[in-house]
Amino acid sequence: MEGIEQILISILLNFVGREEMNAFLRDPRSAAVIVGALIALSGALLGTFLLLRGMALTSDAISHTVLLGIVVAFLVMTGLLGLEADLSSPWLIIGAAGAGVATVVLTEAIYRSGLVKQDAALGLAFPLLFAVAIILVSRFADDVHLDADSVMVGEIGVAWANTNSHCLGPCETVTVTEDDPRAEITRQCTNCRELGISPRDAAAEFVEVCSNCGTYSAAQAYREGFTEIEPQLVFWPKSITVTGLMALLTVGFVALFYKELKLSTFDAALARSLGFRPGLISYALMVLVSLVAVGAFDAVGSILVIAFFIIPPAAAYLLSDRLGVMLLISPLIGTLGAVFGYDLARGHLFGVIELSPVLAWLNSTFDMALVEQWDTSISASMVLMLFGIFVLCWVLSPKYGLISTSLRRAAQRKQFDDQVVLGHVYNHSGTERAAEELAVDHLHEHFRWTPRKMQRVLSRLQASALVKVDGRVVTLTALGSDAIHTFRAQYLSSTPAPIAG
């Protein structure tokens, strides 16, 4: 990881100075928005395929079952391999990816038995693996502390503080030994704990130890006062590296296997007949979902990461039904949610509206007792803004939005009503019952409509010069006859024309 960070820093230093880079990366908003945008990019790209495959909730299951992989990897790492307990070890990421694949394999195995449906199979596999993880944690790793809030919503707000420092120079290390004049020698009781006695007890035995001996990096040495030359450091947030690597893997995977992903998503049978392996592609997709879920664990937690997989693709699906466009729109929606979500958490709605004065106004106007200082969870605010964007798309989408759909259905109802009346007039024109069937005063009775509705339809048809009223009887105009013939030719060509009279 540090090698990747050094490469990125070297590239960025060609464009900005070290101090400007540190100021940007150590700004809480900058770090949180970058991490959120990278998670949104990975989640949106993978979530698009999950959504189209009808596997959106698989991300929910995987975000939970990765705990089993993390616990098993942790136990193997500390128990069998004798490695130091490190919650940022890559072994945990490997274990999480394996748990994600195990979730999919177990779900598929249960589903292919033919005894349960796919959603039920997922509901069986996911709690099983999660329960095993909980038992392992409680039985073998109950001393590992996991904060419930960090598991639920992550700690994206402090991503700027968890950094790796990279020295640009001078970077010489400093070693302090017991013979060094800077060494601090103290006395340590060797039998106090064993005998349960105080260091002031006469039986206490002491040895001299060096409390500050060791090798210090250039930054540590300057901080401890061992050198007067301040090293030039760049502080790089670890979360940016992890989430950036996940985003790079995701973009590379989608770019390299776009054709296979597209074909296996929409027609797995055709993909198989053409020589592709849709099952293998599906497992690779699930592995990436697991990796992204683990990579986002620190930032947004295991629950809220689901929103980054599902909401942006769902919103994009309302705007376009073309896969390529969805893959472009989804990350953009996720990024907007990350940016506006951070601002919302700090009390700035869309960066324009200050929420604290609004709360103060509510308190003074309605005699309420709301807390006027707005400060809430960043990751939860990001998800809230993502859902807000989804609602906007749901309402305003030009093609599939609530308003456009309502207008389109209303227009279709009007067109249907018009066509029904035109067809009725056409069928009875020139017949013996024409005067009865086409009388304006009783025409609504043949359709079981209200007189008011019939009046609206006739007014619309008259305004369009499709019908006219002669002597309280409705007749077709030449334009109306052309319209009904065109309709019959387009939609009823196989139906024989009624016999006039």
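Look up a bit, the structure's there.
First, a word on what this report is: a plain description of the structure on this page.

Conventions used here
- Residues numbered from 1 in each chain as written.
- Predicted model: local features only at pLDDT ≥ 70, side-chain atom pairs only at ≥ 80, totals over all residues.
- Heavy atoms only, no water.
- 1 Å grid on protein atoms, 1.4 Å probe; cavity = no way out; pocket = protein on both sides within 12 Å on 5 of 7 lines; lining within 4 Å.
- Points joined across faces, edges and corners; volume = space filled by probe spheres on them.
- Helix = DSSP H or I, 4+ residues; strand = E, 2+ residues; numbered from the N terminus.
- Nonpolar A, V, L, I, M, F, W, Y, C, P; charged D, E, K, R; others polar.
- Salt bridge = Lys/Arg side-chain N within 4 Å of Asp/Glu carboxyl O.
- Axes fitted to C-alpha atoms, helices over the stretch in contact; angles between N-to-C directions.
- Left-handed = near helix turned anticlockwise from the far one by under 90°.
- Contact = heavy atoms within 4.5 Å.
- Parallel < 35°, antiparallel > 145°, perpendicular 65-115°, else oblique.
- Core = buried A, V, L, I, M, F, W, Y, C linked by side-chain atoms within 4.5 Å.
- Buried < 20%, exposed > 50% of the residue type's maximum accessible area, 1.4 Å probe, protein only.
- Disulfide = S-S within 2.5 Å.

## What about the layout of surface pockets?
Unoccupied space between atoms shows up once a probe the size of one water molecule is rolled over them.
Working step 1: In this model, the second largest pocket occupies a volume close to 430 Å³.
Working step 2: Taken together, 15 residues form the lining of the second largest pocket, with Arg53, Glu108, Arg112, Ala268 and Ser282 sitting closest to its centre.
Working step 3: Broken down by secondary-structure element, the contributors of at least two residues to the lining of the second largest pocket are helix H5 (90-112), helix H11 (258-266), helix H12 (268-273) and helix H13 (278-295).
Working step 4: Its residues placed into classes, the lining of the second largest pocket shows 6 nonpolar, 5 polar and 4 charged.

## What to know about the pattern of salt bridges
Between side chains of opposite charge, pairing is possible as soon as their charged atoms come close.
Working step 1: The full count for this structure, using the stated rule, is 10 salt bridges.
Working step 2: Two residues, aspartate 180 and arginine 182, come together in a salt bridge whose shortest N-O distance is 3.1 Å.
Working step 3: A salt bridge links glutamate 437 to arginine 433, with the nearest nitrogen and oxygen atoms 3.1 Å apart.
Working step 4: Because the salt bridges share partners, they merge into one network encompassing Arg433, Glu436 and Glu437.

## Examining empty space enclosed by the protein
Working step 1: Summed over the entire model, instances satisfying the criterion amount to 1 cavity of 30 Å³ or more.
Working step 2: There is about 40 Å³ of room inside the largest cavity.
Working step 3: Taken together, Leu38, Ile39, Ser42, Thr243, Met246, Val292, Gly295 and Ala296 make up the lining of the largest cavity.
Working step 4: Only helix H3 (28-52), helix H10 (238-256) and H13 provide two or more residues apiece to the lining of the largest cavity.
Working step 5: The element best represented in the lining of the largest cavity is H3, accounting for 3 residues.

## Observations concerning the packing of H3 against H13
Between two packed helices, what matters for the description is the angle formed by their axes and the separation of those axes.
Working step 1: In contact at an axis separation of 10 Å, H3 and H13 are set at 145° when each is read in the N-to-C sense. In terms of crossing hand, the pair formed by H3 and H13 is left-handed. Of H13, the residues touching H3 (which contributes Ser42, Gly43, Leu46, Phe49 and Leu50) are Leu285, Met286, Leu288, Val289 and Val292.
Working step 2: When its residues are assigned to classes, the contact of H3 with H13 shows 8 nonpolar, 2 polar and no charged.

## Comments concerning the packing of helix H4 (residues 56-80) against H5
Working step 1: The geometry of H4 relative to H5 is characterised by a closest axis approach of 7 Å and an angle of 135° between their N-to-C directions. By the criterion of interaxial angle, the relationship of H4 to H5 is oblique. In this structure, H4 crosses over H5, and the sense of that crossing is right-handed. Judged by residue contacts, Ala61, Ile62, Thr65, Val66, Gly69, Ile70, Ala73, Phe74 and Met77 of H4 engage Trp91, Leu92, Gly95, Ala96, Ala99, Gly100, Thr103 and Val104 from H5.
Working step 2: Here the contact of H4 with H5 is composed, by residue class, of 12 nonpolar, 5 polar and no charged.

## As for the nonpolar core
Working step 1: Counting 69 residues, the largest nonpolar core has Ile156, Val300 and Phe308 as the members making the most contacts within it.
Working step 2: At 12 residues, the largest contribution of residues to this core is made by helix H14 (residues 297-319).
Working step 3: In this view, phenylalanine 308 contacts Gly36, Ile39, Ala40, Gly43, Ala44, Val300, Met382, Val383 and Leu386; residues no more than four positions away in its chain are not counted.
Working step 4: Among the nonpolar cores identified, the runner-up in size contains 19 residues, and Tyr426, Ala434, Val457 and Leu458 belong to it.

## What to know about the state of the cysteines
Working step 1: Tallied over the entire structure, the rule returns 3 disulfides.
Working step 2: Here cysteine 189 pairs with cysteine 192 through a disulfide, and the sulfurs are 1.8 Å apart. Since a negative S-S torsion denotes a left-handed disulfide, the cysteine 189-cysteine 192 link at about 100° is right-handed.
Working step 3: With a sulfur-sulfur separation of 1.8 Å, cysteine 210 is cross-linked through a disulfide to cysteine 213. Between cysteine 210 and cysteine 213, the S-S torsion sits near 95°, and that sign places the bridge as right-handed.
Working step 4: For cysteine 210, a relative accessible area of 16% gives the class buried.
Working step 5: Judged by relative accessible area, cysteine 213 falls into the partly exposed class, the value being 30%.
Working step 6: Numbered in order of appearance, the disulfide-bonded cysteines of the chain are paired 1-2, 3-4, 5-6.

Nothing here speaks to function; it is all geometry.
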